Amino acid sequence: MYLAFFVIPVIVMIPILIYLYIWLNRFLTLIPKIGDKLRHGLAVVLALAAAYLCWPIYRTGGVVIAHFLVASLLLEIVHFIIKKKKRDEIPKAWSVLYRSGILSVFVVLVVFTYGYVNMHMIQEKDYEIASEKVPQDMRFAAVSDLHLGTNMNADKLSGYLDEISAKEIDALFLAGDIFDENTVEDEMRKAAGLFANVGSKYGTYYVLGNHDPNNYVTDKQYTMEEMCQTLSDAGVHVLRDDVVVLDGLNIIGRKDASLASRQEIKNLTAQVDLSQFTVLLDHQPLGLQDNADAGIDLQISGHTHAGQIWPTGKLMELMGVSEMNYGYKMMDKMNMIVTSGIGGWGYAIRTGGHCEYVIINIKR
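The model shown is predicted, which means the values in this text are computed figures rather than measured ones.

*Asks:* Can you walk me through helix 7 (residues 185-196) in this structure?
*Replies:* The periodicity of an α-helix, 3.6 residues per turn, causes residues three or four positions apart to be oriented the same way. A rise of 1.5 Å per residue sets the reference length of helix 7, with its 12 residues, at 16 Å; its end C-alpha atoms lie 17 Å apart and thus fit the reference within 8%. For helix 7, the complete set of buried residues consists of Glu187, Met188, Ala191, Ala192 and Phe195. When helix 7 is viewed along its axis, its buried side chains cluster within an angular range of 140° and face the same direction.

So this is what it looks like as structure tokens:
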């Protein structure tokens, strides 16, 4: 998995470089004093510079370039149609617009303006579930994929946690990737205290995602164990293939699916009385049928961001990378919820889905 995290950008970058060279070569024809050799040389240098700025492809520069290229390719189609219809001469105004790329720039600005605003508008998403297993009505809150520092800091997070506390919940579930490689240590420690102080009957439960352990960087702000210890010291229950049995409720928290060491779900459900309502926290929405067969009543996952950049979410679902992109699904007797997350990774842009925290009402 970690190898793919670096190999895929290299593969994607090759056609991007080729198209950037073609586009830049055409753009430079707008400057008549540049000779052919100089134009080709400049196109190569500028294409390589653009590739450097957008590396790796999943960072901000890469996302900007990707959107610019998609917009440019759409203009290529429009230009092809115009050429077919205007056999004698292409209108000069269109020729300048086409070669300058100004329309592509405008499209990118519009999309990214929307994406920035969308990333900072956090919604509350409510679900209602019925079960005969709960001794009385219950209410849970779930937060996932905050990636603290991307679209909010700990002070802003505090406001949303106050909203959650006002809901009089029975438990707060943190479904992974609350922190990532870019979260500074001081903010991590502040957030740990905030999560622990959310008022609830049973407390706050945290499972790690694929980004929480800081596996994708060598210069780590803190280790995974330091993070888990900070959370535990603050009063947050960190679950790594652990089971918690409460009065009328079982909570199972799994290690992330990226870890080969995690236990099978049936080994974990064997430790609880399945006549009680059983909640599974698992960062990635994988192995859903196995979880349903094991007797889970409610699984809460994140990871997908509901496709932070459209249309990646649905593509990942179609490719089988994620079994479910977003929302609610009933699988046999298991209620499955995948949240889009309260933040996003890498850049404060979200053109797919929205940011949310989840309130789940369990009705007897």
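*Asks:* I'm lost on the packing of aromatic side chains in this one. Help?
*Replies:* Given two aromatic rings, one states the distance between the centres and the angle between the planes to describe the pair. Counted under the stated rule, the structure contains 7 aromatic pairs. Taking 5.1 Å as the distance between ring centres and 55° as the angle between the ring planes, the aromatic pair formed by Phe140 and Phe173 counts as tilted. Here Phe173 lies in strand 3 (residues 171-174) and Phe140 lies in strand 2 (residues 138-143), a separation of 33 residues in the sequence. Given a relative accessible area of 0%, Phe140 falls into the buried group. An aromatic cluster is defined as three or more aromatic residues linked by ring pairs; in this entry it consists of Trp23, Phe27 and Phe68.

*Asks:* Even after reading the chapter, I still don't get the pairing of strand 11 (residues 334-338), so can you show me in this structure?
*Replies:* Along any regular strand, the residues point their side chains to alternate faces of the sheet. Counting buried residues along strand 11, 5 of its 5 residues qualify, which places the element largely inside the surrounding structure. Residues of strand 11 alternate between two faces, with Met334, Met336 and Val338 on one and Asn335 and Ile337 on the opposite face, all of them buried. Across 4 bridges, strand 9 (residues 298-301) lies against strand 11 in parallel orientation. Opposite Ile300, over in strand 11, you have Ile337 as the bridge partner. What sits between the antiparallel neighbours strand 10 (residues 327-331) and strand 11 is a turn of 2 residues, in which Asp332 has the positive phi angle 55°.

*Asks:* Whenever I open this one, the sheet that holds strand 9 confuses me. Can you help?
*Replies:* Two strands in a sheet stick together by hydrogen bonds in their backbones, pointing the same way (parallel) or opposite ways (antiparallel). What the 6 strands build is an open sheet, ordered 6-7-8-9-11-10; its pairing is mixed. On the outer flanks of this sheet lie strand 6 (242-246) and strand 10, each paired with one strand and no other. The sheet shows a mean angle of 15° between the axes of neighbouring strands, direction not considered.

*Asks:* I tried to follow the pattern of salt bridges on my own but got confused; where do I start?
*Replies:* Side-chain pairs of opposite charge can arise where the charged atoms are in close proximity. Using the criterion set out here, one finds 12 salt bridges in the structure. In this structure, Glu76 and Arg26 form a salt bridge, with 2.8 Å as the shortest nitrogen-oxygen distance. Taken as a pair, Glu76 in helix 3 (residues 60-85) and Arg26 in helix 1 (residues 2-27) lie far apart in primary sequence, 50 residues in all. Two residues, Glu317 and Lys314, come together in a salt bridge whose shortest N-O distance is 3.3 Å. Note that Glu317 and Lys314 are positioned in helix 11 (residues 312-318) at a spacing of 3 residues, about one turn of the helix. Note on Lys314: relative accessible area 53%, which makes it exposed. Bridged by salt links that share partners, the residues Asp186, Glu187 and Lys190 form one connected network.

*Asks:* I tried to follow the sheet that holds strand 4 (residues 204-206) on my own but got confused; where do I start?
*Replies:* Strand order in the open sheet made by the 6 strands is 1-12-2-3-4-5, with mixed pairing throughout. Each having just a single partner strand, strand 1 (122-130) and strand 5 (237-238) make up the two edges of the open sheet. Two elements, strand 2 and strand 12 (residues 355-363), share 5 bridges in a ladder whose sense is antiparallel. Residue pairing across strands places Ala141 opposite Ile359, the latter belonging to strand 12. Across the face of the sheet, helix 6 (residues 154-165) comes into contact with strand 1, strand 2 and strand 12 while running at roughly 15° to strand 12.

The rules behind each value
Residues numbered from 1 in each chain as written. Predicted model: local features only at pLDDT ≥ 70, side-chain atom pairs only at ≥ 80, totals over all residues. Heavy atoms only, no water. Helix = DSSP H or I, 4+ residues; strand = E, 2+ residues; numbered from the N terminus. Expected span 1.5 Å × (residues − 1). Buried < 20%, exposed > 50% of the residue type's maximum accessible area, 1.4 Å probe, protein only. Arc of directions from axis to C-beta. Phe/Tyr/Trp six-rings, centres within 6.5 Å; stacked < 30°, edge-to-face > 60°. Pairing = 2+ DSSP bridges. Axes fitted to C-alpha atoms, helices over the stretch in contact; angles between N-to-C directions. Salt bridge = Lys/Arg side-chain N within 4 Å of Asp/Glu carboxyl O. Contact = heavy atoms within 4.5 Å.

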